[in-house]
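# Breakdown of the fold
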Amino acid sequence: MMMDLDSQCREARLAFWAGLLRGVPVDPLEIDREILPLVVDSSQRERIAYILLRAAAAIAQNETAVTVRTLRIAIIYWFSNTSVSSGKDREREVDLSALRLRDIIGLGLTWREAALAFGVNPRDYSAYQRLLRKLRTECAKQWKALFGEEMEQALEGINVGRE
């Protein structure tokens, strides 16, 4: 049974996100080798997901340990809030210290809960805000380098859920 391109992209992205979550170095060029050929002529949504992953990998590779830790907390927060279900999963016990991405998906964790998993001040959102600014800047840089146009122009009219 052959996977469709979107599923193939999604599985490859999840593997890279899982590595970033565990603190494993992820080379943006490896992401390019595995995913770029699949997204070049794909939907805007797939291109955006690819660029976000590539930007996160670049940040993890080039930023301070504090920024990388904040990125790891953000990954827990983001993925725990995707595909959130009716609440049954929320009651299961998950050991966040194991840092397995597939166990985190859908848990609906708050930023506070994700931050506590790393032992940082859960009331300080400033590091998260700095990370979001760095991600926006890096995404724009990556988009321009790979697709040859300004990201803002490419996304005109598309709601990308800005904070």
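It should be emphasised that the depicted structure is a prediction, and the values quoted were computed from it without experimental measurement. (Residues numbered from 1 in each chain as written. Predicted model: local features only at pLDDT ≥ 70, side-chain atom pairs only at ≥ 80, totals over all residues. Heavy atoms only, no water.)

### Looking at the overall build of the chain
Within the chain one finds 8 helices and 0 strands. Walking the chain from its N terminus toward its C terminus, one meets helices and strands in the order α-α-α-α-α-α-α-α. Expressed as a percentage of its 163 residues, the buried residues of the chain come to 42%. For the chain, restricting intrachain contacts to residue pairs at least 6 apart in sequence, the fraction spanning at least 24 positions comes to 66%. Taken as a whole, the chain presents about 9600 Å² of accessible surface, with 51% of it coming from carbon and sulfur. (Helix = DSSP H or I, 4+ residues; strand = E, 2+ residues; numbered from the N terminus. Buried < 20%, exposed > 50% of the residue type's maximum accessible area, 1.4 Å probe, protein only. Contact = heavy atoms within 4.5 Å. Areas by Shrake-Rupley, 256 points an atom, 1.4 Å probe, with all protein chains shown as cover.)

### Quick look at the environment of Ala57
Here Ala57 shows up in helix α3 (residues 44-62). Taking the C-alpha atoms as reference points, Ala57 and Asp27, separated by 30 residues in sequence, lie 6.6 Å from one another. Those residues in contact with Ala57 that lie beyond four places of it in its chain are Leu20, Val26, Pro28 and Ile31.

### As for helix α2 (residues 28-39)
Owing to its 3.6 residues per turn, the α-helix aligns residues three or four sequence positions apart on the same side. Those residues of α2 lying buried are Pro28, Ile31, Asp32, Ile35, Leu36, Leu38 and Val39. An end-on view of α2 places all buried positions within 160 degrees of arc, on one side of the element. In α2, the exposed residues that point more than 90 degrees away from the buried face are Arg33 and Pro37. Two or three places before Leu29, at the start of α2, stands the capping residue Asp27, its side-chain oxygen 2.9 Å from that residue's backbone nitrogen. (Arc of directions from axis to C-beta. Polar contact = N/O pair within 3.5 Å; in protein donor to acceptor, adjacent residues only side chain to side chain.)

### Details of the side chain of Arg47
The topology assignment puts Arg47 in helix α3. Glu149 is the oppositely charged side chain nearest to the buried, salt-bridge-free Arg47, at an N-O distance of 4.5 Å. Once you skip the residues sitting within four places of it in the chain, Arg47 turns out to touch Val39, Val40, Ser42, Trp143 and Phe147. (Lys, Arg positive; Asp, Glu negative; His and termini not counted. Salt bridge = Lys/Arg side-chain N within 4 Å of Asp/Glu carboxyl O.)

### Things to note about the nonpolar core
Core analysis: the biggest nonpolar cluster contains 46 residues, and Trp17, Ile35, Ile75 and Trp78 have the highest contact counts within it. The leading source of residues in this core is helix α1 (residues 5-22), at 8 residues. (Core = buried A, V, L, I, M, F, W, Y, C linked by side-chain atoms within 4.5 Å.)

### Looking at the confidence of the model for the chain
Looking at the chain, the pLDDT average stands at 83 and 82% of residues meet or exceed 70. For the chain, the element scoring lowest by mean pLDDT is helix α8 (residues 151-154), at 68; helix α4 (residues 65-80) scores highest, at 95. pLDDT under 50 marks residues 157-163. Its contacts with residues more than four places away, or in other chains, come to 7 contacts. (pLDDT = per-residue confidence, 0-100.)

### Some thoughts on the side chain of Asp32
Along the chain, the position of Asp32 falls in helix α2. A distance of 2.6 Å separates a polar atom in the side chain of Asp32 from a polar atom in the side chain of Arg54. When neighbours within four sequence positions are excluded, Asp32 is seen to be in contact with Pro37, Tyr50 and Arg54.

### Quick notes on the pattern of salt bridges
For the coordinates displayed, the defined rule picks out 8 salt bridges. The partner of Glu63 in a salt bridge is Lys134, and the shortest N-O contact between them spans 3.0 Å. In this pair, Glu63 is assigned in the loop between α3 and α4 and Lys134 in helix α7 (residues 126-147), connecting sequence segments 71 residues apart.

### Focus: the packing of α4 against α7
α7 packs onto α4 with a crossing angle of 90 degrees between their chain directions and a minimal axis gap of 10 Å. When the axis of α4 is compared with that of α7, the two are roughly perpendicular. Of α7, the residues touching α4 (which contributes Thr67, Thr70, Leu71, Ala74, Tyr77 and Trp78) are Ala127, Tyr128, Leu131, Leu132, Lys134 and Leu135. Considered class by class, the residues forming the contact of α4 with α7 number 9 nonpolar, 2 polar and 1 charged. (Axes fitted to C-alpha atoms, helices over the stretch in contact; angles between N-to-C directions. Parallel < 35°, antiparallel > 145°, perpendicular 65-115°, else oblique. Nonpolar A, V, L, I, M, F, W, Y, C, P; charged D, E, K, R; others polar.)

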